[in-house]
Amino acid sequence: MIIGLLAALALTGQTTAPAAIDRLLTDISVERLHTLYRTRRYSVREVVQWHLDRLSRYNGVYKVAPAILVDEALAEAAREDSEARRPGFRPPSLWGVPIVIKANMSIKGRVTTAGWRGFMLPGHELVAPRDATIVARLRAAGAIVIGVTNMPDFAASDTTRSTAFGRTGNAYDVRFSPGGSSGGTVTAVTGNMAVLGTGTDTGNSIRMPVATSNLVGIFPTRGLVSIAGVAPLDSLLDNAGPIARSVPDAAAMLDVMAGEDRLDPATAGTSRKAEAGPYTRYLLPGSLKGKRFAVPAFILDGESPVFQGVCPGTLADAAAKARRDARVPLRPETRAAFMRAVAELRAAGATVVIDSGILPDAFADMASQVCTLPYLREGYDHFLADFGPAEYRSVAAYDKATGRPLPPTAIGGAGAALSGQPNVRQARLADDPNAERTYLGPRRALLARYLAEMDRLHLDGFVYPAIQMPPPDETMPQDHQLSGGPHSATDWVNMIGVPAISIPAGFYDDGLPFGIEFSARPWRDGDLISWAYDYERLTHHRRRPVLVEQGLLPGAGRPLDPADGP
């Protein structure tokens, strides 16, 4: 996209009126930013400084970033400006683009908090020995990391409250939830505190928060993007992907993030399985015309799989309770917003089929049999072995070094299941004699059911609401208790690892965003980008928020007490 740009660029030293730079950099795309660099309108340092200033200016109210990397970012910006003076310089694809990184991604020399205060214990901090694979790839593409974004402890929440940093607010109204667990990233990107950001997704944690914040988020086919260096919530469900203000920017970021990595076995052979890149080649007008989509009935019915599944041997009463607790009714205003989006898709030339027999409630029941709870500890052991500090490279070593265990949410055992199931024995997937019955068989059957429905109906993909309700007001109780966030019914995507994309699809009457999600066949990530691009091009639903400089919630920035979570 920018081959040949900036070959003769030098630091201009120019100063520009604040109103002018605000106008030009607000909601700027990667392509437009590179045009400004090419024409020497701004230096990289000026652009990075503008974003750092916004991040610092609004961080006290929105609690976006526990770490703002001022010195490091400005030093890298100066290096890139100097680099651009070299004869024949050819900038990489994200050169000079300010980005933020979610707090569960390893950044060399910095504490990987994963939102949890326990990784900040004095003398026992989880300091990363090297960058996560995708962080290294983003840096190599010229992106400049300006901050680390807030997230709930271990990513185990549909809203963003952290024992490490407190509560993040929605950029469209700070009282409301930005969703979770990538809430810090979405508020930073939609609020123009960064151009791009990284997210992780174990059950909805990219796709749901972007829907609260008028953004684009991609859940790649599992194995397309490495999760090496990402502190896990559940390594069998975890994924990582881009968060951006537009589909072209998300596609450009995915191009950089995708690829095989020896540290993540799931990526082996990716180059043979995936569609040929770059993903920016799928940005084609008219891509929706003639396409055929269906709406999963269980989502409209308010059914949802049990997150991390109901394990074999669970007592019938506990299993039934877990299924009841997983149910998330689709709110009437969300259904109405979705039907408006369906009308827009049909106007673009797509067929959208809605029928009670398409992936009915039984699909959610089937998905609930995919149980990952026995393998949580194994995932954390693998993470710490490669990305833990010298003091502890395993779960057992952490316990010995700190004198306290990691919580069950991260490593399994009693209390691990967010659905409230009893203790599940931890095992290694490769040599667990129960793995076929617990995880492998149910997952294989679920994917086969999903693909069979696509074949039966001759579908290109599915489309559905990205969340089941508007973002909740966190100054008020939700269902008679502390808000748990704007829940979704989309964790089945993680269970089978198919690609999905969440995009802006309008606003509720109160001015808060609404989003829709597409899913497709494995390794058809480019198809998703093409549909989303065409829809974005035709509807123009992106509307930037107006940020406030004074908080509306007394004590909103107070870090939670460890007893509050995770």
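See the structure printed just above.
To start, this report covers the structure provided alongside it. (Residues numbered from 1 in each chain as written. Predicted model: local features only at pLDDT ≥ 70, side-chain atom pairs only at ≥ 80, totals over all residues. Heavy atoms only, no water.)

1. Some thoughts on empty space enclosed by the protein
Tallied over the entire structure, the rule returns 2 cavities of 30 Å³ or more. Volume-wise, the second largest cavity comes out at about 30 Å³. Lining the second largest cavity, in full, are Ala103, Met105, Ser106, Ile107, Arg110, Val111, Thr112 and Val148. In terms of residue class, the lining of the second largest cavity is built from 5 nonpolar, 2 polar and 1 charged. (1 Å grid on protein atoms, 1.4 Å probe; cavity = no way out; pocket = protein on both sides within 12 Å on 5 of 7 lines; lining within 4 Å. Points joined across faces, edges and corners; volume = space filled by probe spheres on them. Nonpolar A, V, L, I, M, F, W, Y, C, P; charged D, E, K, R; others polar.)

2. Digging into the environment of Tyr535
Relative to the elements of secondary structure, Tyr535 occurs in helix H19 (residues 525-539). Not counting the four nearest positions on each side in its chain, Tyr535 is found in contact with Leu288, Ala341, Glu344, Leu345, Ile503, Pro504, Ala505, Ile516 and His541. A polar side-chain atom of Tyr535 sits 2.4 Å from a polar atom in the side chain of Glu344. (Helix = DSSP H or I, 4+ residues; strand = E, 2+ residues; numbered from the N terminus. Contact = heavy atoms within 4.5 Å. Polar contact = N/O pair within 3.5 Å; in protein donor to acceptor, adjacent residues only side chain to side chain.)

3. Describing the nonpolar core
Of all hydrophobic cores here, the largest spans 165 residues; its most connected members are Phe119, Tyr380, Trp492, Ile516 and Phe518. Take this core: its biggest share by element is 9 residues, from helix H3 (residues 44-62). Leave out the neighbours within four places in its chain, and Phe119 touches Val111, Thr112, Thr113, Ala114, His124, Glu125, Leu126, Phe154, Tyr380, Tyr392, Tyr398 and Leu406. Core analysis: the second largest hydrophobic core is formed by 6 residues, Cys311, Leu373, Ala416 and Val424 among them. (Core = buried A, V, L, I, M, F, W, Y, C linked by side-chain atoms within 4.5 Å. Buried < 20%, exposed > 50% of the residue type's maximum accessible area, 1.4 Å probe, protein only.)

4. Details of the side chain of Ser182
Along the chain, the position of Ser182 falls in the loop between strand S5 (166-167) and helix H6 (183-190). Among the polar contacts made by the side chain of Ser182, one reaches the side chain of Lys102 at a distance of 3.0 Å. Of the polar contacts made by the side chain of Ser182, one reaches the backbone oxygen of Thr200; its length is 3.3 Å.

5. Points about the environment of Asp201
Structurally, Asp201 can be placed in the loop between strand S6 (196-200) and helix H7 (207-212). Given a relative accessible area of 0%, Asp201 falls into the buried group. The sequence separation of Asp201 and Ile218 amounts to 17 residues, and the corresponding C-alpha distance is 9.5 Å. At a separation of 2.8 Å, a polar atom in the side chain of Asp201 contacts the side chain of Arg207.

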